[in-house]
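The lines below spell out each chain.
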Amino acid sequence: MTAKYKIIIAVLFLLIVTLIIYLIWFRGAPSSPSVDQILSSDFPVGTLPTSDIDTGIVADISTTTISDANASSTEEKNVLIQLSDIPIFDYWANEGAQEAYYLTADGKVFSAKEGKDIEISSQPFSALNSLEPNIKGDRALLAFGNPRSPQWGIFDAVDKAWRPLPSGIITATWGAKDNEVIAIISASNGGTSLGTYDASKTPPSFKALIQDFRFHDVKLTFISPTSLYIAEKPYLSLQNRIWLLNTKTLAFNTIRKGESELSVHWSQDKTKTFVANSSQFQIYASSTFADIFPVPFKTLAQKCEGHFSTITCFVPQNTDSISADSSLLDSFLTNKKFFDDALYVMNTASESMKQINVSELNNSQPIDAKNPRIAGSYLYFVNKFDNFLYRLTLAQE
């Protein structure tokens with residue numbers, strides 16, 4: 001046999017051996033999973049398969065088919081925090097800026113933060129009487145000094161400045177326009193007049209509506225466009241009254257009368273009315289004493305707030321211990337007794353209601369709430385037990 005044929009036979013032998021080895025290896029090697037196998041496999045929940053398969057297939061599976069079947073959806077919860085660093089006199093909340101401001105007992109203004117609060121005005125005031133935010137929550141109307149002849153000023157949260165109002169104002173409230181204040185003032189003849197101040201002018205100019213306005217110890221509340229409510233301040237021994245004055249026509253009507261301990265409160269956005277007397281409590285889903293929203297509890301008008309379809313009311317739970325010579329209103333106004341409140345959150349659109357035990361959210365410490373105000377998804381209030389400002393996140397239904 002020639003050398004040429006020996007070489008051909010050797011090459012053929014090597015090819016046959018190589019083919020046999022390849023076939024043996026291929027049959028014993030694990031096969032890669034198909035796409036159908038991947039989609040039907042029981043891979044551990046929330047993980048990607050680790051097989052050496054095409055990257056594009058894995059990416060497609062991870063974004064469209066793999067999920068945690070045991071994971072529950074995230075539920076919004078009511079979260080309560082103490083917002084102010086120190087005890088406060090009162091506060092207001094600006095929904096647009098998502099910020100709350102508070103006033104200390106000595107008149108300093110702070111911006112309330114989850115961290116350290118920021119002082120934005122150090123101008124001192126003594127003997128603070130009352131504070132009323134405007135509807136937007138970017139300004140506040142303050143009375144201070146002698147309650148019989150207080151001084152008045154406006155704090156503007158935009159430029160962080162106080163603007164004084166003229167002396168002689170007995171009581172006041174926000175009017176129809178941004179810079180309008182409705183006030184009862186002492187007249188030069190010893191009487192009183194009702195009119196409006198234009199606070200945009202320096203000094204603010206006064207326009208009289210009624211020259212001889214003989215009302216004392218009343219609270220004013222203006223509902224746009226022309227409704228001025230005049231409510232006698234509630235006292236235990238008086239039969240209180242509420243009147244309505246049309247500021248355009250000057251028509252005058254009695255709304256409620258002859259009710260002991262009668263008190264009324266409007267929500268900051270002026271869309272809800274809360275009325276209480278010695279025997280009953282009512283919520284009106286409007287600003288005109290119409291459309292009663294029935295509730296199964298009794299509380300004080302000052303403990304409620306409303307914003308759009310949401311209504312919140314803090315309801316004292318330990319009222320049985322009130323003495324016979326006092327009442328719920330008297331105890332609240334004079335601090336004779338403190339209460340542990342439950343919170344009711346209602347929705348006028350869905351006609352739903354739920355109760356929240358807020359003391360459980362406060363490490364089981366009691367909450368006696370005053371001055372509740374809603375801004376966005378937050379409910380702000382002052383706890384009378386410590387006079388700190390609190391903020392509750394209202395869980396969405």
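Residues numbered from 1 in each chain as written. Predicted model: local features only at pLDDT ≥ 70, side-chain atom pairs only at ≥ 80, totals over all residues. Heavy atoms only, no water.

### Here's the deal with the overall build of the protein chain
Point 1. Within the protein chain, the secondary structure is distributed over five helices and 27 strands.
Point 2. For the protein chain, buried positions account for 43% of its 397 residues.
Point 3. Sequence-distant contacts in the protein chain: of pairs separated by 6 or more residues, those separated by 24 or more amount to 41%.
Point 4. Surface summary for the protein chain: the accessible area is close to 21700 Å², and the carbon and sulfur share equals 53%. (Helix = DSSP H or I, 4+ residues; strand = E, 2+ residues; numbered from the N terminus. Buried < 20%, exposed > 50% of the residue type's maximum accessible area, 1.4 Å probe, protein only. Contact = heavy atoms within 4.5 Å. Areas by Shrake-Rupley, 256 points an atom, 1.4 Å probe, with all protein chains shown as cover.)

### Some words on the nonpolar core
Point 1. Core analysis: the biggest nonpolar cluster contains 15 residues, and Phe314, Leu343, Val358, Leu379, Phe381 and Leu392 have the highest contact counts within it.
Point 2. Mapped by element, the contributors of at least two residues to this core are β23 (341–347), β25 (369–375), β26 (378–383) and β27 (388–393).
Point 3. It is β27 that provides the largest number of residues to this core, a total of three residues.
Point 4. Every residue in contact with Leu343, bar those within four places of it in the chain, is listed here: Thr312, Cys313, Phe314, Lys354, Gln355, Ile356, Val358, Leu379 and Leu392.
Point 5. The next biggest cluster of nonpolar side chains, apart from the first, holds 14 residues, and it includes Phe281, Cys304, Ile311 and Tyr344. (Core = buried A, V, L, I, M, F, W, Y, C linked by side-chain atoms within 4.5 Å.)

### Brief notes about the state of the cysteines
Point 1. Counted according to the given criterion, the structure contains one disulfide.
Point 2. Note on cysteine connectivity: Cys304 is disulfide-linked to Cys313, with sulfurs 2.2 Å apart. Between Cys304 and Cys313 the disulfide shows an S-S torsion of about 115 degrees. By sign, it is right-handed.
Point 3. Taking relative accessible area as the criterion, Cys313 reaches 0% and is therefore assigned buried. (Disulfide = S-S within 2.5 Å.)

### Focus: the pairing of strand β16 (residues 239–246)
Point 1. As judged from the five bridges shared by strand β15 (residues 227–232) and β16, these two strands associate in the antiparallel manner. Looking across to β16, one finds that Ser227 is bridged to Asn246.
Point 2. Sheet topology note: the β16/strand β17 (residues 252–260) ladder contains six bridges and is antiparallel. Bridging from a neighbouring strand, Trp243 pairs with Thr254 of β17.
Point 3. Counting the residues between successive antiparallel strands, the hairpin from β16 to β17 contains five residues, one of them, Leu250, with a positive phi of roughly 65 degrees. (Pairing = 2+ DSSP bridges.)

### Here we look at the pairing of strand β7 (residues 139–144)
Point 1. Burial of β7 is extensive: six of the six residues sit out of reach of the surface.
Point 2. Here β7 shows no split at all, with Arg139, Leu141 and Ala143 on one side and Ala140, Leu142 and Phe144 on the other all buried.
Point 3. With five bridges connecting them, strand β6 (residues 128–133) and β7 associate as antiparallel partners. What sits directly across from Glu132, in β7, is Leu141.
Point 4. Hairpin connection, β6 to β7: the antiparallel pair is bridged by five residues, and Gly137 has positive phi, about 80 degrees.
Point 5. Pairing between β7 and strand β8 (residues 151–156): six bridges, direction antiparallel. Across the sheet, residue Arg139 finds its bridge partner in β8, namely Asp156.
Point 6. Turn length for the β7-β8 hairpin, with the two strands adjacent in sequence and antiparallel, is six residues, and the turn residue Gly145 shows positive phi of about 95 degrees.

### Some details on the packing of aromatic side chains
Point 1. Taken as a whole and assessed by the stated rule, the structure comprises 21 aromatic pairs.
Point 2. On the basis of an interplanar angle of 35 degrees and a centroid distance of 4.7 Å, the ring pair of Tyr229 and Trp266 is categorised as tilted. You can see Tyr229 sitting in strand β15 and its partner Trp266 sitting in strand β18 (residues 263–266), a full 37 residues away along the chain.
Point 3. What links up through ring pairs into an aromatic cluster is the set Trp92, Tyr101, Phe125, Phe144, Phe155 and Trp162.
Point 4. Over the face of the ring belonging to Tyr91 we find Arg373, whose NZ or CZ atom lies 4.7 Å from the ring centre. (Phe/Tyr/Trp six-rings, centres within 6.5 Å; stacked < 30°, edge-to-face > 60°. Lys NZ or Arg CZ within 6 Å of the ring centre and 35° of its normal.)

### Here's the deal with the sheet that holds strand β13 (residues 205–210)
Point 1. On the basis of which strands lie adjacent, the open sheet formed by four strands has the order β10-β11-β12-β13 and antiparallel pairing. The two strands at the open ends of the sheet, each matched to only one other strand, are β10 (169–174) and β13. Taken over all neighbouring pairs, the strand axes of this sheet differ in orientation by 30 degrees on average, direction set aside.
Point 2. Of the pairings in the sheet, the one linking β10 to strand β11 (residues 180–186) comprises five bridges and is antiparallel in character. Bridging from a neighbouring strand, Trp174 pairs with Val181 of β11. (Axes fitted to C-alpha atoms, helices over the stretch in contact; angles between N-to-C directions.)

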